[in-house]
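# Coordinates in review
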Amino acid sequence: MATEDEGELSARYQNTLDALSSLITKRSSCVSNNQSQRFRLLLHYLKVLELEDAVSQLKIIHVAGTKGKGSTCVFAESILRCYGLRTGLFTSPHLIDVRERFRLNGIEISQEKFVDYFWCCFHKLKEKTSNEIPMPTYFCFLALLAFKIFATEQVDVVILEVGLGGRFDATNVIQKPVVCGISSLGYDHMEILGYTLAEIAAEKAGIFKSGVPAFTVPQPDEAMHVLSEKASKLEVNLQVVEPLDMSQRLGLQGEHQYLNAGLAVALCSTFLKEIGIEEKNGLNQTRGLPEKFVSGLSNAYLIGRAMVVPDSELPEEIVYYLDGAHSPESMEACAIWFSKQIKQNQERSQKRSEQILLFNCMTVRDPSLLLPRLRSKCIDHGVDFKRAVFVPNVSVYNKVGYSSNDDRRVDSVTWQFGLQRLWDSLARGEAKSNLESDSKGKEEVKSFVFSSLPLAVDWLRDNARQSKQVRFQVLVTGSLHLVGDLLRLIRK
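Note that the coordinates shown come from a computational prediction; the quantities given were computed from them, not determined experimentally.

So, on to the nonpolar core. Counting residues in each nonpolar core, the largest one holds 47 residues, and the members touching the most others are F90, F102, F141, L145 and F147. Only α1 (4-21), α2 (31-48), β3 (102-104), α5 (111-127), α6 (138-152) and β5 (157-161) provide two or more residues apiece to this core. When near neighbours in sequence (up to four residues on either side) are disregarded, F90 contacts R101, F102, F139, L142, A143, A146, F150, I159, L160, E161 and T171. Formed by 36 residues, the second largest nonpolar core is a distinct cluster that contains C73, V157, A266 and C268.

Pasting the structure below:
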């Protein structure tokens, strides 16, 4: 039974989440203007919180990108912690608890500290609000909170992941990071960042600072040209790094992680050199990576990316493969990872397996760019889904915390029926192709829409109990929110 103190802290924490939820606003149609205006307010907010000098003293690694920036940050934090540095890591989004965004020495901040830091910032900012100067928006407040936490906790290094874009992102209020990185670029948040890779790259390159070294990974020519041009104007030494050798063991799974790990190694090497810990860091191609780099890379951990989690009730019958991929490129990487996991499992297990897709994506995404890539890439690697399930997320846009009420109803599943129709059309197209090529017809792929995630999980478990000789391998993807919802549900 919880003690009274624990109960009081839990109530305070819930009140804190309610206050944080009040800062969430729907995106305006005039996004660019709003971004620019909100960004200009950041310096005012820092002044109100008396953080201007403190933030300027922080030693920061700043990372932007479309995909892989969170993984890169996690790798970098893990490496630098192995050097005995006190680390502060700020990433987004969170999956289950908002405190996941703030790690001190690799551990998410405690409820008690989070509550204290939150109200310290919230009250100070609230006192200075006016018609001209509103409260910060949700992500802006979280970035300010991160600065407050890391400055007060006196960390040796801050690894800072950009939330969205770069140029107008709240994290970009910093003036002089030690080093910057840009992970793989692709098409995402196009309604805000632009509809071409050149436009998107220009927004990401907004984190470059005059004279601050920067690294990126191989990019499409259109994007690389813009990055190089922006770097040249600011006299930034921009270097392109290659993926790590795949013989290196990584804590995060998937071939694409070797690209992110390579970027992290370059960032950490430069950081350590800049702060004078190791002039050369022992990074010699003939000798391989230093032991501390190897240890950091192999122990890195990021919830919701390439995770394999058995069902809590039926661990032998249902295994979930979780990946929050939500862009076309990351969907392909997810498909490759999942396919390899399935093949490895088939080699080890005598039990017959069946692959099932559990999918949702946000309405700002274009599912016609996601589902075809996922399906075709899996088929290319010999994995074919027998069933597909489409559900809405449990979590809602305007609420940070989760209610203890296990609500199994939603207002509408119109979007999910659209996803189902798209999936069925892909299956029909494949079936027609098989008939025309006179190949043996495949088993019909069945698809389902459930009005809630708990109902879908109940359905999976009921089927698993009836088919004990079959192991269900369920790929959960399309939305980090969906992954977080499922983790919360199956870990109850």
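This part covers helix α13 (residues 367-380). Taking 1.5 Å per residue as the helical rise, α13 with its 14 residues ought to reach 20 Å, and the 20 Å between its terminal C-alpha atoms agrees with that figure. Buried within α13 are the following residues: P367, L370, L371, L374, R375 and C378. The buried residues of α13 occupy an angular sector of 110° when projected down its axis, which confines them to one face. G382 sits one or two residues past α13 and shows a positive phi near 80°.

Next up on the list: unusual backbone geometry. In this structure, the amide linkage connecting S92 to the following residue, P93, adopts the cis form with an omega of -5°. Structurally, the position occupied by P93 is in the loop between β2 (87-90) and β3. In the Ramachandran plot, N105 falls in the positive-phi region, its phi being about 55° despite a non-glycine side chain. With a relative accessible area of 29%, N105 lands in the partly exposed category. Its identity is not glycine, yet Q154 carries a phi of approximately 55°, on the positive side. Secondary-structure assignment places Q154 in the loop between α6 and β5.

The next point concerns the pattern of salt bridges. For the structure on display, the rule yields 17 salt bridges. For E77, the salt bridge identified is with R81, shortest N-O distance 2.7 Å. Highlighted residues: E77 and R81, both in helix α4 (residues 69-82), separated by four residues, approximately one helical turn. Using a relative accessible area of 32% as the deciding quantity, one classes R81 as partly exposed. Here R387 makes a salt bridge to E354, at a shortest N to O gap of 2.7 Å.

Glancing now at the sheet that holds strand β4 (residues 107-108). Taken together, eight strands build an open sheet; the order of strands is β4-β3-β2-β5-β1-β6-β7-β8 and the sheet is mixed. In this open sheet, the two strands that pair with only one neighbour each are β4 and β8 (238-240). When strand β6 (residues 179-182) meets strand β7 (residues 214-216), the two strands line up parallel, connected through three bridges. Bridge pairing links C180 to A214 in β7.

Take the sheet that holds strand β11 (residues 352-359) next. Pairing is mixed in the open sheet, where six strands are placed in the order β9-β10-β14-β11-β12-β13. In this open sheet, the two strands that pair with only one neighbour each are β9 (307-310) and β13 (446-449). This sheet shows a mean twist of 20° between the axes of neighbouring strands, independent of strand direction. Strand direction decides the pairing type here: β11 and strand β14 (residues 470-477), joined by eight bridges, are parallel. Residue S353 lies in a different strand from β14, and its bridge partner there is R471. This element, helix α15 (residues 453-466), spans β10 (318-322), β11, β12 (387-390), β13 and β14 of the sheet and lies at about 140° to β10.

With that settled, consider the packing of α15 against helix α16 (residues 480-490). The relative placement of two packed helices is expressed as an angle between their axes plus a distance between the axes. Their axes nearest at 11 Å, the elements α15 and α16 cross at an angle of 60°. Classified by the angle their axes make, α15 and α16 are oblique. Handedness of the α15/α16 crossing: right-handed. Of α16, the residues touching α15 (which contributes L453, P454, V457 and R461) are L482, D485, L486, L489 and I490. When grouped by side-chain class, the residues that make up the contact of α15 with α16 number seven nonpolar, no polar and two charged.

One pass over the structure, following the stated rule, counts 19 aromatic pairs. Relative to F122, the ring of W119 has its centre 5.3 Å away and its plane inclined at 75°; by these criteria the two rings are edge-to-face. One end of the pair, W119, and the other, F122, are both in helix α5, three residues apart, so they sit about a helical turn from each other. For W119, a relative accessible area of 22% corresponds to the partly exposed category. Three or more aromatic residues joined by ring pairs form one cluster here, namely Y13, F90, F102, F114, F118, W119, F122, F139 and F141. Between the NZ or CZ atom of K292 and the centre of the ring of Y83, over which it lies, the distance is 4.9 Å. Residue placement shows R375 over the ring face of W423; its charged tip is 4.8 Å from the ring centre.

Here we come to the side chain of H94. Relative to the elements of secondary structure, H94 occurs in the loop between β2 and β3. Exposure remark for H94: the relative accessible area of 11% places this residue in the buried category. Within the structure, H94 has its side chain in polar contact with the side chain of R101 (distance 2.9 Å).

What counts as what
- Residues numbered from 1 in each chain as written.
- Predicted model: local features only at pLDDT ≥ 70, side-chain atom pairs only at ≥ 80, totals over all residues.
- Heavy atoms only, no water.
- Core = buried A, V, L, I, M, F, W, Y, C linked by side-chain atoms within 4.5 Å.
- Buried < 20%, exposed > 50% of the residue type's maximum accessible area, 1.4 Å probe, protein only.
- Helix = DSSP H or I, 4+ residues; strand = E, 2+ residues; numbered from the N terminus.
- Contact = heavy atoms within 4.5 Å.
- Expected span 1.5 Å × (residues − 1).
- Arc of directions from axis to C-beta.
- Salt bridge = Lys/Arg side-chain N within 4 Å of Asp/Glu carboxyl O.
- Pairing = 2+ DSSP bridges.
- Axes fitted to C-alpha atoms, helices over the stretch in contact; angles between N-to-C directions.
- Parallel < 35°, antiparallel > 145°, perpendicular 65-115°, else oblique.
- Left-handed = near helix turned anticlockwise from the far one by under 90°.
- Nonpolar A, V, L, I, M, F, W, Y, C, P; charged D, E, K, R; others polar.
- Phe/Tyr/Trp six-rings, centres within 6.5 Å; stacked < 30°, edge-to-face > 60°.
- Lys NZ or Arg CZ within 6 Å of the ring centre and 35° of its normal.
- Polar contact = N/O pair within 3.5 Å; in protein donor to acceptor, adjacent residues only side chain to side chain.

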